[in-house]
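These are the residues of each chain, in order.
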Amino acid sequence: MSSSVDGFHAEDACFTCFAGENGDNHSTEDNRTCPHCRGFGPSLSSSSSCSLLSFDSVAVNDTEKVWRIITAAAKGFAIGAGLKGGLAIFSLLARLRRRKSSAPTRKDGVFSDNEAAVLAVKETLRYGLFLGSFAGTFVSLDELIAALGGHRRTRKWRALLAGAIAGPSMLLTGLETQHTSLAIYILMRAAVLAARCGIKSKRFGHICKPLTWSHGDILLMCLSSTQILSAYILKQDSLPPSYKSFLNKHGGKDPVILQGVKEIASGIPFTNLKAIENVYKASGVNIKLDPAMKVPCSIVHGGQSCRGHGISFLIQAYKRALPVYLPVYLIPALIVHRQGLSKRPYTILGKGLLGTARSSLFLSVYCSSAWIWTCLLFKIFKRCNVPMLALGTFPTGLALAIEKKSRRIEISLYCFARAIESFFTCIADAGYLPWWSRNLKRADVVIFSLSTAIIMHCYAQEREVFRSKYLNVLDWVFGVPPPPCETPRKKK
């Protein structure tokens, strides 16, 4: 994606200056030959010489500034509406498919197809307005503050303030619609950027050094698994509905089985042993559960052994995971690499299929190992309680090692955001949060605004902490020109 803003083209931008973070290391000679770095000298760091918002641009007229604002808002709207609209289309197609395979009777509280389509259009427009308003507000404030206070004098804090003020654009998705999961995930992304800034800082580098551990993403996944999988069994209401549905599908267990495990782990009397027996009886397995049992292995896998259940569950989980990852890999391959498909179709499709197989293996091992580890600990210690359940779900995160290194941090951050949301929901329900936090109705907007302030500040001042794919998208949306060799002050 390339854009032309203020007379500059994205493909002519000074990408060599900050490519070191993205794996494209350049020598000093390369930086000297960069048309935007020439004259700065080798002693100036790339973060200083190529902060797109930090240096004064060539003087532009008001029309070009307004065009930059309109362009950013339009591109933000296109991204928001495109993403939400694409999800809505898949949702409607899945709905129609289910409708054909079931009776056409309508239940109370269920939308008709027309109502679902209208709702999808409304949601698409809302998310388009959200991202369009965010982009337009940020660029407007960036231009306004620079015009009033000067580019040089405001360069260190301008993007921070503009990003914070643009954050409440989230309210355009609906005044009563909470986006806690999204806000926490964006906060995790902001924390990663802040950590990368701290790592390269002389003042905070020694403090942030542990964050450079190559297997930190797996540790983060293990911590996330402890909360998520414990909540999956003990308190599903603390998880977002869509994520809870995902876990119930790939967890592979009937809700009455999970209820039985919850009761024995919580130390309360069984209330549904007969229902569990009926579940297994429906699948051709006749068992008689002991109300005095100490471990729930017979509840989890009926008449199977722990080892046999682990193997059979892994095979079933892999079959469930394949349909999840097949479109994730193949659809982008068909869209992004559509031109290369005619030249090297086997290579591109082969990589897509390999990625699908690898990610499906990760998800299936993750789900099956959750039951394997807990069964193992229950057998060793001859007991089942909440601490044992938390301890048994911790090593489940080791399955992330199956994934590609580039995907590990994305998955671990996503799961960590879910874990944080679930954790705070649990302690809020238990009454452990301070009184003032309960009166904060839109904490998601506050968190989102704080996160966008950090992200946009890093985008302006510490561009090398971004990966190239994210940086290219931000450059395309906000249309910030690369730093020229002349500033308005020099030109005068």
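None of these values were measured; they are calculated from a predicted model.

1. Focus: the overall build of the protein
A count of helices and strands for the protein gives 22 helices and two strands. When the 492 residues of the protein are sorted by exposure, 44% land in the buried category. A separation threshold of at least 6 residues defines the contact pool for the protein, and within that pool the share at least 24 residues apart is 72%. Here the protein has roughly 26700 Å² of accessible surface; of this, 64% comes from carbon and sulfur atoms.

2. Digging into a positive patch on the surface
On the surface, Lys343, Arg344, Lys351, Arg358, Lys404, Arg467 and Lys469 cluster together to form a positively charged patch. Within the element layout of this structure, Arg344 appears in the loop between α15 (338–341) and α16 (345–381).

3. Examining the confidence of the model for the protein
Averaged over every residue, the pLDDT of the protein is 79; residues scoring 70 or more account for 79%. Across residues 1–59 the pLDDT falls below 50, and counting only partners more than four positions away or on other chains, this stretch makes 122 contacts in the model. Across residues 484–492 the pLDDT falls below 50, and counting only partners more than four positions away or on other chains, this stretch makes 19 contacts in the model.

4. Quick word on unusual backbone geometry
For Lys382, which is not a glycine, the phi torsion comes out positive at approximately 55°. Secondary-structure assignment places Lys382 in the loop between α16 and α17 (386–393). What makes Lys382 exposed here is its relative accessible area of 59%.

5. Some words on the packing of helix α9 (residues 216–234) against α16
Following both chains from N to C, one finds α9 and α16 inclined at 60°, their axes separated by 12 Å at the closest point. For the pair α9 and α16, the sense of crossing is right-handed. Here Met221, Ser225, Leu229, Tyr232 and Ile233 of α9 lie close against α16, whose contacting residues are Phe362, Tyr366, Ala370 and Trp371. When its residues are assigned to classes, the contact of α9 with α16 shows eight nonpolar, one polar and no charged.

6. With respect to the packing of aromatic side chains
The tally for this structure, following the rule as stated, stands at 11 aromatic pairs. Measuring from ring centre to ring centre gives 6.4 Å for Tyr185 and Tyr414, while their planes differ by 65°; the resulting arrangement is edge-to-face. Of this pair, Tyr185 sits in helix α7 (residues 180–199) while Tyr414 sits in helix α18 (residues 405–429), and the two are 229 residues apart along the sequence. Judged by its relative accessible area of 35%, Tyr414 is partly exposed. Residues Tyr459 and Phe478 carry aromatic rings whose centres are separated by 6.0 Å and whose planes lie at 45° to one another, so their mutual orientation is tilted. Taken together, the residues span a long stretch of sequence, with Tyr459 in helix α20 (residues 443–461) and Phe478 in helix α21 (residues 468–478) at a distance of 19 residues. Taken individually, Tyr459 and Phe478 each receive the classification buried, so the pair is uniform in this respect. Joined through ring pairs, the aromatic side chains of Tyr127, Phe130, Phe134 and Phe448 make up one cluster. Over the aromatic face of Trp371 sits the side chain of Lys253, whose NZ or CZ is 5.7 Å from the ring centroid.

7. Regarding the nonpolar core
Taken as a class, soluble globular proteins show a tendency for nonpolar side chains to be buried jointly. Counting residues in each nonpolar core, the largest one holds 49 residues, and the members touching the most others are Met221, Ile233, Ile276, Ile299, Phe362, Tyr366 and Trp371. With residues up to four places along the chain from it excluded, the contact list for Ile276 reads Val256, Ile257, Gly260, Leu289 and Ile299.

8. Considering the environment of Ala73
Within the fold, Ala73 resides in helix α3 (residues 62–101). Sequence-distant contacts of Ala73, that is, excluding residues within four places in its chain, are made with Gly132, Ala135 and Gly136.

9. Section: the packing of α7 against α18
Closest axis-to-axis distance for the α7/α18 pair is 9 Å, and the angle between their directions is 130°. With respect to their mutual orientation, α7 and α18 come out oblique. Read as a crossing pair, α7 and α18 show a hand that is right-handed. Contacts between α7 and α18 involve Thr180, Ser181, Ile184, Tyr185, Met188, Arg189 and Val192 on the former and, on the latter, Glu410, Leu413, Tyr414, Phe416, Ala417, Arg418, Ile420 and Glu421. When its residues are assigned to classes, the contact of α7 with α18 shows nine nonpolar, two polar and four charged.

10. Quick look at the side chain of Ser224
Its place among the elements puts Ser224 in helix α9. Residue contacts for Ser224: discarding those within four places in its chain leaves Ser412, Cys415, Phe416 and Ala419.

11. What to know about a nonpolar patch on the surface
A cluster of nonpolar side chains, namely Phe77, Val121, Leu125, Leu129 and Leu172, defines an oily patch on the protein surface of about 420 Å² accessible area. A per-element tally of the nonpolar patch places helix α4 (residues 113–149) first, with three residues. On the basis of relative accessible area, Leu129 is assigned to the partly exposed category, the value being 46%.

12. Considerations on the side chain of His309
As for its placement among the helices and strands, His309 is situated in helix α14 (residues 306–336). Setting aside anything within four residues of it in sequence, one finds His309 in contact with Lys253, Val300, His301, Gln304 and Trp371.

13. A closer look at the pattern of salt bridges
Should their charged atoms come close, side chains of opposite charge can pair. Counted under the stated rule, the structure contains 11 salt bridges. The partner of Asp142 in a salt bridge is Arg68, with the nearest N and O atoms 3.1 Å apart. Placement of the pair is Asp142 in helix α4 and Arg68 in helix α3, with a sequence separation of 74 residues. Arg189 is the partner of Glu410 in a salt bridge, and the nearest nitrogen-oxygen pair spans 2.9 Å. Taken together, the residues Glu410 in helix α18 and Arg189 in helix α7 connect sequence positions 221 residues apart.

14. Quick look at α9
An ideal rise of 1.5 Å per residue puts 27 Å on 19 residues; α9 measures up with 27 Å between its terminal C-alpha atoms. If you look at α9, its biggest bend is around 25°, right at Ser225. The buried count for α9 comes to 15 of 19 residues, which makes it a mostly enclosed element.

About the criteria used
Residues numbered from 1 in each chain as written. Predicted model: local features only at pLDDT ≥ 70, side-chain atom pairs only at ≥ 80, totals over all residues. Heavy atoms only, no water. Helix = DSSP H or I, 4+ residues; strand = E, 2+ residues; numbered from the N terminus. Buried < 20%, exposed > 50% of the residue type's maximum accessible area, 1.4 Å probe, protein only. Contact = heavy atoms within 4.5 Å. Areas by Shrake-Rupley, 256 points an atom, 1.4 Å probe, with all protein chains shown as cover. Patch = residues over 30% accessible without salt bridge, like charges linked within 9 Å, V, L, I, M, F, W, Y side chains within 5 Å. Salt bridge = Lys/Arg side-chain N within 4 Å of Asp/Glu carboxyl O. Lys, Arg positive; Asp, Glu negative; His and termini not counted. Charge placed at Lys NZ, Arg CZ, Asp CG, Glu CD. pLDDT = per-residue confidence, 0-100. Axes fitted to C-alpha atoms, helices over the stretch in contact; angles between N-to-C directions. Left-handed = near helix turned anticlockwise from the far one by under 90°. Nonpolar A, V, L, I, M, F, W, Y, C, P; charged D, E, K, R; others polar. Phe/Tyr/Trp six-rings, centres within 6.5 Å; stacked < 30°, edge-to-face > 60°. Lys NZ or Arg CZ within 6 Å of the ring centre and 35° of its normal. Core = buried A, V, L, I, M, F, W, Y, C linked by side-chain atoms within 4.5 Å. Parallel < 35°, antiparallel > 145°, perpendicular 65-115°, else oblique. Expected span 1.5 Å × (residues − 1). Bend = angle between axes of the 7 residues up to and from the residue.

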